[in-house]
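Take a look at the letters that make up each chain.
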Amino acid sequence: MIDTTLALLDHMAAARADLGPRRYGVVQACDGGLLEVGGLSLPIGAQCRIAHGRGSLSAEAIGFRNGRTLMMLLGDPVLLRPGARVRPEGRPGMLPVGPAFLGRAVDGEGHPIDGGGAIAAGGEWPAGGVRAGALDRARVRLPFDVGVRALNALTTFGIGQRIGIMAGSGVGKSVLLDMIAHGAEAEVVVVALIGERAREVSDFVERHMQGPRRARSVIVAVPADHAPNLRLRGAMLATAMAEQFRATGRRVLLIMDSLTRVAHAAREIGLLLGEPGAARGYPPSALATITKLVERAGNSAASGGSITGIYTVLADGDNQDDPVVDTARAILDGHIVLSRDLAQRGQYPAIDIAASLSRVMNDIVDPAHAALARRFRALVATYEANRDLVLMGAYRQGTDPQLDLAIAMHARLTAFLAQDRGETVPLPTSAAQLAELLRDDG
């Protein structure tokens with residue numbers, strides 16, 4: 001408690017007092033969550049405080065039209081009245097960052113939600129990130145251990161890679177993320193839970209903010225019942241924190257659940273501003289938002305730090321051609337597809353290894369490992385392509401040697417892909433088990 005108080009006093013002593021005149025505007029119109037404020041000219045991204053009886057409301061500037069500033073509330077508009085005074089606060093376009101957030105769970109504005117004391121951020125970072133040239137990004141050269149056998153052995157991740165976990169609802173995306181967060185090797189872990197159920201947020205904080213892992217973890221949580229601009233702000237806050245840690249030379253794991261909810265939030269804002277829903281209801285700005293967010297992860301040649309980004313992508317209706325899924329697949333460095341059919345057979349994690357891909361794997365593992373992974377994938381794909389024939393008894397053994405081998409090894413291949421939720425399998429062990437499994441093709 002004393003340390004927290006001293007940190008706050010140091011932060012207050014370093015702050016510069018604003019002695020200029022206080023400006024304010026007034027609320028002139030409210031349409032749902034969209035406000036029109038007159039008499040106050042502000043840049044997009046500026047935050048404001050609206051007088052609300054004995055309390056106040058927060059709002060964010062998202063545009064301007066006909067001499068008025070368009071704002072979106074960060075809370076509930078109940079009891080908001082015309083003529084309410086609106087005052088700007090903070091620095092537009094800047095988000096709080098710093099080591100003080102390690103071990104804490106915060107909301108989209110950086111306020112603690114874990115019952116702890118106030119956080120003296122100690123630094124700021126642009127909400128849109130610091131743009132770097134394409135040649136300023138270092139290549140992905142080293143493998144990244146996630147503690148999941150199937151991913152380590154067959155779709156090996158690299159430090160600084162951006163990966164998507166794609167599946168429909170209820171197939172196990174959050175469980176797989178939970179396993180990765182538990183077993184991954186990283187100096188700092190930043191987790192963004194955007195648009196998820198509040199119960200999941202509480203469970204995740206309880207599981208992962210305990211013991212030695214707490215000191216290297218930050219959780220930014222904005223549940224589904226919050227305003228869309230607050231959900232979007234939470235995603236940018238988590239990415240800004242990861243960028244700031246990368247700038248200090250640290251290896252950061254950024255986990256975002258989910259990228260689709262971020263796109264939904266950006267869609268709500270875009271439609272409020274009058275953008276056309278060009279791609280199945282998604283305005284162009286919504287898809288551009290997720291592209292900009294993903295591109296901020298990666299390796300830094302200047303600092304030597306890295307952000308390995310893992311993003312869940314919800315395939316609405318199990319449609320792998322959904323605009324968000326298609327956009328994410330095009331911009332990411334790899335994707336893991338979870339299959340509902342495999343989940344219904346009781347295989348967890350339900351990774352469709354034939355449809356999954358790591359675009360950097362061949363650059364970071366030795367040729368023997370890569371060859372074994374291709375062999376494994378070929379056996380799994382051969383069995384799945386002929387599964388109905390095998391189950392009906394229509395296949396005659398000896399017709400296809402590859403299929404004969406796949407049938408003989410099917411139980412062991414499936415067991416290799418499965419893993420208990422609390423189990424961690426390091427990368428060297430995963431590679432060794434793969435080699436043992438495929439030695440002499442069984």
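What this report covers is the structure whose coordinates are included nearby. (Residues numbered from 1 in each chain as written. Predicted model: local features only at pLDDT ≥ 70, side-chain atom pairs only at ≥ 80, totals over all residues. Heavy atoms only, no water.)

1. Some thoughts on the pattern of salt bridges
Next up, step 1: Counted by the stated rule, this structure contains 18 salt bridges.
Next up, step 2: The partner of Arg49 in a salt bridge is Glu89, and the shortest N-O contact between them spans 3.4 Å. On the criterion of sequence distance, the pair formed by Arg49 in strand 3 (residues 47–52) and Glu89 in strand 6 (residues 85–89) is long-range, its members being 40 residues apart.
Next up, step 3: For Glu89, a relative accessible area of 32% translates into the label partly exposed.
Next up, step 4: The salt bridge involving Arg296 is made with Glu243; its shortest N-O contact spans 2.7 Å. With Arg296 in the loop between helix 7 (284–295) and strand 16 (298–299) and Glu243 in helix 5 (residues 228–247), this pair connects stretches of sequence that are 53 residues apart.
Next up, step 5: For Arg296, a relative accessible area of 8% puts it in the buried group. (Salt bridge = Lys/Arg side-chain N within 4 Å of Asp/Glu carboxyl O. Helix = DSSP H or I, 4+ residues; strand = E, 2+ residues; numbered from the N terminus. Buried < 20%, exposed > 50% of the residue type's maximum accessible area, 1.4 Å probe, protein only.)

2. So, the packing of helix 11 (residues 367–385) against helix 14 (residues 427–437)
Next up, step 1: Two numbers describe how helix 11 lies on helix 14: the axes approach to 10 Å, and their chain directions differ by 60 degrees. In terms of axis orientation, helix 11 runs oblique to helix 14. By crossing handedness, the relation of helix 11 to helix 14 is classed as left-handed. On helix 14, the residues that touch His369, Leu372, Ala373 and Phe376 of helix 11 are Ala431, Leu434, Ala435 and Leu437. (Axes fitted to C-alpha atoms, helices over the stretch in contact; angles between N-to-C directions. Parallel < 35°, antiparallel > 145°, perpendicular 65-115°, else oblique. Left-handed = near helix turned anticlockwise from the far one by under 90°. Contact = heavy atoms within 4.5 Å.)

3. A word on empty space enclosed by the protein
Next up, step 1: Applying the stated criterion across every chain, the model contains one cavity of 30 Å³ or more.
Next up, step 2: A volume near 60 Å³ is recorded for the largest cavity.
Next up, step 3: As for the largest cavity, its lining consists of Ala181, Val189, Val191, Phe204, His208, Arg213, Arg216, Ser217 and Ile219. (1 Å grid on protein atoms, 1.4 Å probe; cavity = no way out; pocket = protein on both sides within 12 Å on 5 of 7 lines; lining within 4 Å. Points joined across faces, edges and corners; volume = space filled by probe spheres on them.)

4. Notes on the environment of Ala167
Next up, step 1: Within the secondary structure layout, Ala167 lies in strand 12 (residues 162–167).
Next up, step 2: Residues Ala167 and Ser339, 172 residues apart in the sequence, show an inter-C-alpha distance of 6.8 Å.
Next up, step 3: Once residues within four sequence positions are removed from consideration, Ala167 is found in contact with Lys173, Val313, Leu314, Ala315 and Leu338.

5. A short note on the state of the cysteines
Next up, step 1: In the structure shown here, the tally under the stated rule is zero disulfides.
Next up, step 2: Here Cys30 stays unpaired: no disulfide links it, and the sulfur of Cys48, its closest cysteine neighbor, is 15 Å away. (Disulfide = S-S within 2.5 Å.)

6. So, the packing of aromatic side chains
Next up, step 1: Within the structure shown, the criterion is met by one aromatic pair.
Next up, step 2: Ring geometry for Phe376 versus Phe416: centroids 5.4 Å apart, planes at 50 degrees, classification tilted. Linking Phe376 in helix 11 with Phe416 in helix 13 (residues 401–417), this pair joins segments that are 40 residues apart in sequence.
Next up, step 3: Relative accessible area serves as the criterion here: at 0%, Phe376 is assigned to the buried category.
Next up, step 4: Seen from the ring of Tyr24, Arg85 lies directly overhead, with NZ or CZ sitting 4.1 Å from the centre.
Next up, step 5: Lying over the aromatic face of Tyr282, Arg267 brings its terminal NZ or CZ to 4.5 Å of the ring centre. (Phe/Tyr/Trp six-rings, centres within 6.5 Å; stacked < 30°, edge-to-face > 60°. Lys NZ or Arg CZ within 6 Å of the ring centre and 35° of its normal.)

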